[in-house]
Amino acid sequence: MSASHVKQPIILVDASSYLFRAYHAMSRQNLSAEDGFPTGTIYGVVNMLKSLINEYQPTHLAMVFDDKGKTFRHEQYEEYKANRPPMPDDLRMQIEPLHAIIRAMGVPLIIEPGVEADDVIGTLATRFAKEGHHVLVSTGDKDMAQLVSERIHLLNTMTGERLTPETVPEKFGVRPEQIVDYLALLGDTSDNVPGVPKVGKKTAAKWLQQYGDLDNLTAHADEIKGKVGESLRAHLDQLALSRKLVTIVCDLPLPETLDDLALQPPDNKTLAEYYRRFGFRRWLKEVLQNEEGAETKATTSRVDRTAYLCIQDEAELQTWCDSASKNGWLVLDTETTSQNPMVAKLVGIAIATAPGKAAYIPMRHVTTDTQLPTEVVWGHLRPLLEDPSVIKIGQNLKYDLEVLAREGINVNGIIEDTMLESYVLDPATGRHDLGSLSLRHLNHACLSFEDVAGKGKQQTTFDHVDLKLATEYAAEDADVTLRLHELFKQKLAETEALAHVYESIERPLIRVLADMEQNGVLVDANMLKQQSQEIAERLKALEEAAYALAGEKFNLASPKQLQSILFEKLGLPVKKKTPKGQPSTAEEVLAELALDYPLPKLILEHRSLAKLKNTYLDKLPTQILPETGRVHTSYHQAVTSTGRLSSSDPNLQNIPVRTEEGRRIRQAFIAPEGHCLIAADYSQIELRIMAHLSGDEGLQRAFEQGLDIHAATASEVFGVPLMSVTPEQRRRAKAINFGLIYGMSAFGLAKQLGIERDEAQHYIHTYFARYPGVEAYMNRIRQTAAEKGYVETLFGRRLPLPDIHSKNGRLRQAAERAAINAPMQGTAADIIKRAMIDIHGWLKAAQLPVKMLMQVHDELVFEVPERLAKEVANEVRTRMSGAAALCVPLVVDVGIGRNWDEAH
């Protein structure tokens, strides 16, 4: 493209400005790939570049990076940039792949040996401006303001600020042609450029407004009065050097022409490789959609949506059912009107019988009359779904089981779930949804729900989706699920322990959780509303007390107003600052201040109560299903890396158990008339697992004798008889017991106990001297983690530690702590899951009118007829205790009551 055809501004990007801006902006998010490779800077720079291109639609653009070697300025001044620390390791290692991604985007990348990016940008901008082009320099560097002219503007993409000949004086107080002299007077500590001490921005601008330039200022230096005048005269000899160092060279003999800056078509194949490696799923989907000829990694043929069939004929449906019956397996995927299976209306079902062979059976679309009657569909599908000899394959099958159960369909036979297969194979990846799995393993971008149903307010439910689109979307899900299952099944077969975890723990748990979610738990909405009203009154009283302490009214939820009250008005000591340099009002800071000052303590109480009110007291009543009068939580198997279950809508795991308010919330979880609740909780299960895994004789002996383990530890660590252990000593021993199995350091223990680090270190040394097996186990597990990159539970579940070799010390230390704790957390998760499967099977076989309602941490809650309470409680205790064979007893505390708090 010739110069005369360039209509958009030529954009020159100061890549170093982007690089460090992205590094600092993304550092708190700790973005990394599955293997632990840091990706925050790459993501930040590419995101800024993509946004820039999208906004300005340039035809010519270049990313200009600094050369990593010394430049001509180091020859002029040996101390140039001498104060700059070396580039952090986790930033340096991202540079090479970032360069590769930028080039693959079709963006020209310029690095001139021995030349700084500023001079490359200055030379090219000046050259193209002289040729009559408009140039936009994207940077946050103030030095670049010296380049501004009618044809050269600066753009700060972070602030949206644009510097022109008119706005430079508004920002700096000097014209663009005076910027070099302005910078020479100020100097630059980051580049180690000497300026004039005592001269700030206002003084420099004032002098240049009066004298015009540095030469004239120097000539009239004797006129400048006061200390600043003395400083100017004392440093006149170095101003020439400073001016030279801050002047951007604009006449370098660079080889780049305008054609060299033309954007090129992207290399989507290379981009896909990098985006997949670094986990940039949204961008990966974009490039795959743009790359029609992309080959899949695990299949021989590309997913072809045009080959899918919409079944609207009964004979056709029978043919597909016959094919599935002959196979002995069927892939199924329900399409509904809601993500909540308890209220979702079934719209249709997708099935697949071979890779590439998938179909959609519409049942309740309002957009067409050409669909089979529901009773006809069930007439053919029901026998297949309820046939125990036919394997059912799906993605997140728990949802489908619940939807079909509400249709009166009891899905029998072995079930296979690609979400859980992926989770067992790689729990640290984070996302196991179908779209992510397809991108990661099949190199295929699935249609999203938004693609077919629209976005935001315009989004429709699936029963209003056009039948052709619905078929492509639904059948694709079934097809992709089958391809993933074939891949994952093969991978699981390669590792016997993982196959065992999937087949004996995760897969059978699907039916248990599906039943629990459908059971729900009875909640007394009136009790919660009463509690909410009481808390509201307490919050009001706390606010009034806070106003009295502060001497004025303020918003207790506003960090800015709280900063002003605590640190400006009351003068409380600043314990920690935010990334922007403001005094922090985070919870740990307030907790520390609360030890000595009443207002922070009151603020903490207010925060705690407000959170309880908003999260549970006000929200729980709205989550009660009118048809059942119960709350039906959703349990998630494929979220935590340790194998622990999580729950949502509501999240039952976070209801406080140690506060009076939290216990009152539990009182609203009740049993219906004639029934009671049974709560069965493993006692100190992680410490018992530690005793088993470490083989420590002292720890094992304490559990075998049924001692209070925290009192026993206190007796050992503090050297006092067991009967003489004080409550405070027991509290400290408890912190030591749990702290050490979580990999806590002496610093962390000291902070938790409010003692000196040396004292905490003494406790740790004493603990390990008494329990040497524990220390040996910890050393062993750290070594195993470093060698393998993962640790395992007692049952073979692998718990990856992607940051175990990270060059970022904080991430690596966190991974080392996780290496110690993960086997215990993971084993505890496996044990309670095994207990749930066993108890569920017993209840089904015995046909007892008992419902398993909730799983919270190490606790199971049941709804039982009062007449069966003792019998069921004893059997639950026995089965939970026998869920694993440890070398110490598995103790289960069982309680019975009318509500959850009473039973707990």
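Because the structure is predicted, anything quoted here is derived from the model rather than measured.

S.K.: For the packing of aromatic side chains, give the residues involved together with the corresponding values.
M.R.: Under the criterion given, the structure shown has 18 aromatic pairs. Ring geometry for Phe280 and Trp283: centres 5.2 Å apart, planes at 65 degrees, overall edge-to-face. Each member of the pair Phe280 and Trp283 is classed as buried. Ring centres of Tyr767 and Tyr771 lie 4.9 Å apart, and the angle between their planes is 70 degrees; this geometry places the pair in the edge-to-face category. For the pair Tyr767 and Tyr771, a shared accessibility class is recorded, and that class is buried. One aromatic cluster in this structure is built from Phe37, Tyr43, Tyr274, Tyr275, Phe278, Phe280 and Trp283. The positively charged end of Lys357 is found above the aromatic ring belonging to Trp320, 5.2 Å away from the centroid.

S.K.: Give me the lowdown on the pairing of strand β5 (residues 152–156), citing residues and values where you can.
M.R.: Two faces make up the sheet, and in a regular strand the side chains alternate between them. Among the 5 residues in β5, 5 count as buried, and that is most of the element. Side chains Ile152, Leu154 and Asn156 project from β5 onto one buried face, and the interleaved His153 and Leu155 project onto a second face that is buried too. Two strands pair when backbone bridges link them, and strand β4 (residues 135–138) and β5 are joined in this way by 4 bridges, in the parallel orientation. In the sheet register, Val135 faces β5, and the bridge partner there is Ile152.

S.K.: Tell me about empty space enclosed by the protein, and name the residues and values.
M.R.: The final tally for this structure, using the stated rule, is 2 cavities of 30 Å³ or more. Roughly 60 Å³ of internal volume is contained in the largest cavity. Along its surface, the largest cavity is lined by Gln531, Ile535, Leu612, Leu617, Glu661, Arg664 and Ile665. Considering each element in turn, the lining of the largest cavity owes the most residues, 3 residues, to helix α26 (residues 660–667). Counted by class, the lining of the largest cavity contains 4 nonpolar, 1 polar and 2 charged residues. Lining the second largest cavity are Met516, Glu517, Gly520, Val521, Val631, Thr633, Leu652, Leu853 and Met854. Elements that contribute at least two residues to the lining of the second largest cavity include exactly α21 (496–519) and β22 (851–856). A class-by-class count of the residues in the lining of the second largest cavity yields 6 nonpolar, 2 polar and 1 charged.

S.K.: Could you give an account of the sheet that holds strand β1 (residues 10–14), with specific residues and numbers?
M.R.: Across the sheet, 6 strands lie side by side as β3-β2-β1-β4-β5-β6; this open sheet has mixed pairing. Both edges of this open sheet fall to β3 (109–110) and β6 (161–163), since each of them pairs with a single strand only. Where β1 lies against β4, 4 bridges are found, and the strand directions are parallel. The residue of β4 that forms the bridge with Leu12 is Val137. Contacts from helix α5 (residues 117–130) reach β1, β2 (61–64), β3, β4 and β5 within the one sheet, and its direction differs from that of β1 by about 170 degrees.

S.K.: Tell me what's going on with the sheet that holds β22, and back it up with residues and numbers.
M.R.: If you walk across this open sheet you meet the 4 strands as β22-β23-β19-β24, and the pairing is antiparallel. Unpaired on one side and paired on the other, β22 and β24 (892–897) mark the two borders of the sheet. When strand polarity is set aside, the average angle formed by the axes of neighbouring strands in this sheet is 20 degrees. Where strand β19 (residues 675–682) meets strand β23 (residues 859–865), 7 bridges bridge the pair, whose relative direction is antiparallel. Across the sheet, the residue bridging to His675 is Pro865, located in β23.

S.K.: Give a detailed account of the pattern of salt bridges, specifying residues and quantitative values.
M.R.: Scanning the model with the defined rule gives 42 salt bridges in all. Measuring nitrogen to oxygen at the nearest pair gives 2.8 Å for the salt bridge that ties Arg92 to Asp89. One end of the pair is Arg92 and the other is Asp89, both in helix α4 (residues 89–104) and 3 residues apart, which spans about a single turn. We classify Arg92 as partly exposed; its relative accessible area is 45%. You can call Asp89 partly exposed: its relative accessible area is 35%. Among the salt bridges present, the one from Lys833 reaches Glu506, with a minimum N-O distance of 2.6 Å. On the criterion of sequence distance, the pair formed by Lys833 in helix α34 (residues 809–846) and Glu506 in helix α21 is long-range, its members being 327 residues apart. The network of salt bridges with shared partners includes Glu416, Lys489, Glu503 and Arg507.

Criteria and thresholds
- Residues numbered from 1 in each chain as written.
- Predicted model: local features only at pLDDT ≥ 70, side-chain atom pairs only at ≥ 80, totals over all residues.
- Heavy atoms only, no water.
- Phe/Tyr/Trp six-rings, centres within 6.5 Å; stacked < 30°, edge-to-face > 60°.
- Buried < 20%, exposed > 50% of the residue type's maximum accessible area, 1.4 Å probe, protein only.
- Lys NZ or Arg CZ within 6 Å of the ring centre and 35° of its normal.
- Helix = DSSP H or I, 4+ residues; strand = E, 2+ residues; numbered from the N terminus.
- Pairing = 2+ DSSP bridges.
- 1 Å grid on protein atoms, 1.4 Å probe; cavity = no way out; pocket = protein on both sides within 12 Å on 5 of 7 lines; lining within 4 Å.
- Points joined across faces, edges and corners; volume = space filled by probe spheres on them.
- Nonpolar A, V, L, I, M, F, W, Y, C, P; charged D, E, K, R; others polar.
- Contact = heavy atoms within 4.5 Å.
- Axes fitted to C-alpha atoms, helices over the stretch in contact; angles between N-to-C directions.
- Salt bridge = Lys/Arg side-chain N within 4 Å of Asp/Glu carboxyl O.

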